[in-house]
Amino acid sequence: MNQLKSREPGSVTLPGTLSAPLRAELIAFRRDLHMHPELGNQEFRTTAALKARLEAAGLAPKVLPAGTGLICDIGTPDRRRPMLAIRADIDALPIPDVKTVAYRSTVANRAHACGHDVHTTTVLGAGLVLAELDRQGLLPNAVRLLFQPAEEVLPGGAADAIEAGVLDGVGRIIAVHCDPRVDAGKIGLRAGPITSACDRLEVTLDGPGGHTARPHLTTDLVTAAARVATDVPAVLARRIDARSGLSVTWGRIEAGHAPNVIPQHAELSGTVRCLDLPTWREAPDLVHAAIDEVATLHRAKSTVNYVRGVPPVVNDAVVTELLADAMTARRGPYAIESTEQSLGGEDFSWYLEHVPGAMARLGVRTPGDTRVRDLHAGDFDVDESCIEAAVELFTAAALLDRRG
C-alpha cells in the first residue's frame, strides 16, 4: 500500500471554510440532483442548474459545445501561472433507485448510483467559496471549475471536453471520487496508478448450425462460445505478465433458441481491465489473437469489436502531495488514508495524458455504519457531511497551489 508522509495540522491557517447557510444549500442542491438524474450527454437540467447558480455568484460559466457540461474560471488567468482545474462528472447511471429516502430518484431506471451528484455539488461549493475569496484578494492563482458530462459513456466525456479546450491554460487538475469504504470526513490517497484501464469487448461467433443429434456435422457454437468464455482468459494469463493484472470478464453470453437446435450465431460481451499502461496499449491485439485462436479450434468464425475505454488514472506524486497538504491543513493527517489501486475505470485518466493531476477517494460512509453500499448499486447513498470535507479539500488545494 502506498505510504504518505504525515504532517501536523495547524502549520498553515487557511480561509475558506463553509458557512452554515452554504452547507445547507449544498446539501439541498445535491438532493435536487439526486432526484433528477440525467444520463451521459443528456445532462441539460443539471447544466442549467449549475450555470444559474454560478451566474448568481457573479461568475461567467461557459457551457461546452455539445450543450451539456461547462467550465467556469475564478480569478484572473495568467499565462505565466497555469490554472488549477477542479473537475466533477455530472452524469447518472441507467439503473433504478431502490432507496426509500425523500430525495430518491424521480426518474424511472435512472439513479446517481456512483456519487456524481456529490462530485458536482462539491466542485460547485468550492467554486462559490473561492469566488468570495477572490473578491477579498485571497486567491493566489486562477482556478477553473470543470463540470464534465458523460463519464459513464465509453470512452468517456473527458475526451470530448479536452477537444473542446477545457485544459487550455491549465497546469494541474484534481478531482475526487466517492468511496463507500472510507468514512466521511476522510480521503484516500495514492501516488501512481489508483484505477485501472477498462475497455469493452464484444464477440460474435458464426458457423453452420444443425440438429443436436448430429453435432459432428455442424459448428457447435454453444460449445465454442463456452470455450471462448473460459479459455480466452486462461490463454491470456499465460501470455501476459501477471503483474499487469489484465482481466477479461464476461457479462453476457447468448446463443440459441431451442433445446434441440445448434444455433448459427452466438454472442459474448464483457470488459477488459488491466493495471498498467503498457499492457493496456497491447491489449487489443493480444485479446483479438486469443479469441481467434480459441474460436478457430472449434471451427467458429469470430468477429471481435474491441471498444477502447479509458487508461488507468495515474496520480502525479507532486499533485498527490498537494492534496495531502490541503487535507492536513484542514483536518489533520488522520483525515488521510492510504488506498490501493482498484480495477474500476475512470475517464479522469484522459486529462492526465495532457497535464499532471491527482484524484482522491472521498469518504462517504457514516462512521460506524457496517452496511455495504457499493458503487453502481441501486441503494447507493452517502453521508452528506462528505460534501463539506471535499469543499475544504478543493479550496485548500487552490490556496496552497502557489507555483510560480
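Residues numbered from 1 in each chain as written. Predicted model: local features only at pLDDT ≥ 70, side-chain atom pairs only at ≥ 80, totals over all residues. Heavy atoms only, no water.

Chemist: I'm lost on the packing of helix α1 (residues 20-35) against helix α2 (residues 44-56) in this one. Help?
Modeler: Helix-helix packing is described using two parameters, namely the angle between the two axes and the distance between the axes. Packing of α1 against α2 leaves a shortest axis separation of 11 Å and a crossing angle of 160 degrees. Comparing their axes, α2 and α1 come out roughly antiparallel. Two packed elements cross with a definite hand, and for α1 against α2 that hand is right-handed. Where α1 abuts α2, its residues Glu25, Phe29, Asp32 and Leu33 lie against Arg45, Thr46, Ala49, Leu50 and Arg53. Within the contact of α1 with α2, the residues separate by chemical class into four nonpolar, one polar and four charged. (Axes fitted to C-alpha atoms, helices over the stretch in contact; angles between N-to-C directions. Helix = DSSP H or I, 4+ residues; strand = E, 2+ residues; numbered from the N terminus. Parallel < 35°, antiparallel > 145°, perpendicular 65-115°, else oblique. Left-handed = near helix turned anticlockwise from the far one by under 90°. Contact = heavy atoms within 4.5 Å. Nonpolar A, V, L, I, M, F, W, Y, C, P; charged D, E, K, R; others polar.)

Chemist: Just checking my understanding: could you explain the sheet that holds strand β8 (residues 197-206) for this structure?
Modeler: Where strands meet in a sheet, backbone hydrogen bonds hold them as pairs that are either parallel or antiparallel. Strand order in the open sheet formed by four strands is β10-β12-β8-β13, and the pairing between neighbours is antiparallel. Only two strands of the sheet have a single partner each, and these edge strands are β10 (247-255) and β13 (301-310). Sheet twist, expressed as the mean angle between neighbouring strand axes with direction ignored, is 15 degrees. As paired elements, β8 and strand β12 (residues 265-274) share ten bridges and run antiparallel to each other. Looking across to β12, one finds that leucine 205 is bridged to alanine 266. Running over the sheet, helix α5 (residues 221-237) touches β8, β10 and β12 and is turned about 175 degrees from β10. Against the sheet, helix α6 (residues 277-297) makes contact with β8, β10, β12 and β13, and its axis sits at roughly 165 degrees relative to β13, the strand it touches most. (Pairing = 2+ DSSP bridges.)

Chemist: Would you take a moment to explain the environment of leucine 286 for this structure?
Modeler: As for its placement among the helices and strands, leucine 286 is situated in helix α6. With relative accessibility at 27%, the residue leucine 286 sits in the partly exposed group. On a C-alpha basis, the gap between leucine 286 and alanine 358 in space is 30 Å, while along the polypeptide they are 72 residues apart. With sequence-adjacent residues up to four places away left out, leucine 286 is seen in contact with Leu236 and Ile240. (Buried < 20%, exposed > 50% of the residue type's maximum accessible area, 1.4 Å probe, protein only.)

Chemist: What is the right way to look at the side chain of glutamate 388 in this model?
Modeler: Take glutamate 388: it is sitting in helix α9 (residues 385-400). Within the local environment of glutamate 388, its side chain forms a polar contact with the side chain of arginine 23, the two groups lying 2.9 Å apart. Those residues within four positions of glutamate 388 in sequence are excluded, and the remaining contacts are Leu18, Arg23 and Arg331. (Polar contact = N/O pair within 3.5 Å; in protein donor to acceptor, adjacent residues only side chain to side chain.)

Chemist: So what exactly am I meant to see when it comes to the layout of surface pockets here?
Modeler: Take a probe with the size of a water molecule and roll it over the atoms, and the empty space left behind shows itself. A volume near 940 Å³ is recorded for the largest pocket. Only β5 (170-183), β8, β12 and β16 (357-365) provide two or more residues apiece to the lining of the largest pocket. Considering only residue class, the lining of the largest pocket consists of 16 nonpolar, eleven polar and 15 charged. (1 Å grid on protein atoms, 1.4 Å probe; cavity = no way out; pocket = protein on both sides within 12 Å on 5 of 7 lines; lining within 4 Å. Points joined across faces, edges and corners; volume = space filled by probe spheres on them.)

Chemist: Would you mind going over the packing of helix α7 (residues 317-331) against α9 with me for this structure?
Modeler: The contact between α7 and α9 brings their axes to 8 Å, and the two run at 115 degrees. Note on packing geometry: the crossing formed by α7 with α9 is right-handed. Residues Leu322, Leu323, Asp325, Ala326, Met327, Arg330 and Arg331 of α7 pack against Glu388, Ala389, Glu392, Leu393, Thr395, Ala396, Ala397, Leu399 and Leu400 of α9. Across the contact of α7 with α9, the residue classes tally to ten nonpolar, one polar and five charged.

Chemist: When you look at the sheet that holds strand β15 (residues 336-338) in this model, what are you seeing that I'm missing?
Modeler: If you trace the eight strands from one edge of the open sheet to the other, you get β1-β2-β4-β3-β5-β16-β6-β15, paired in mixed fashion. Edge strands, defined here as strands with exactly one partner in the open sheet, are β1 (62-63) and β15. As paired elements, strand β3 (residues 83-89) and strand β4 (residues 143-148) share six bridges and run parallel to each other. Of the residues in β4, the one forming a bridge with alanine 88 is phenylalanine 147. Docked against the sheet, α2 engages β1, β2 (70-74) and β4, running at close to 15 degrees with respect to β2. Lying over the sheet, α7 contacts β5, β6 (187-189), β15 and β16, oriented at roughly 60 degrees with respect to β5.

All we've got here are geometric facts, nothing functional implied.
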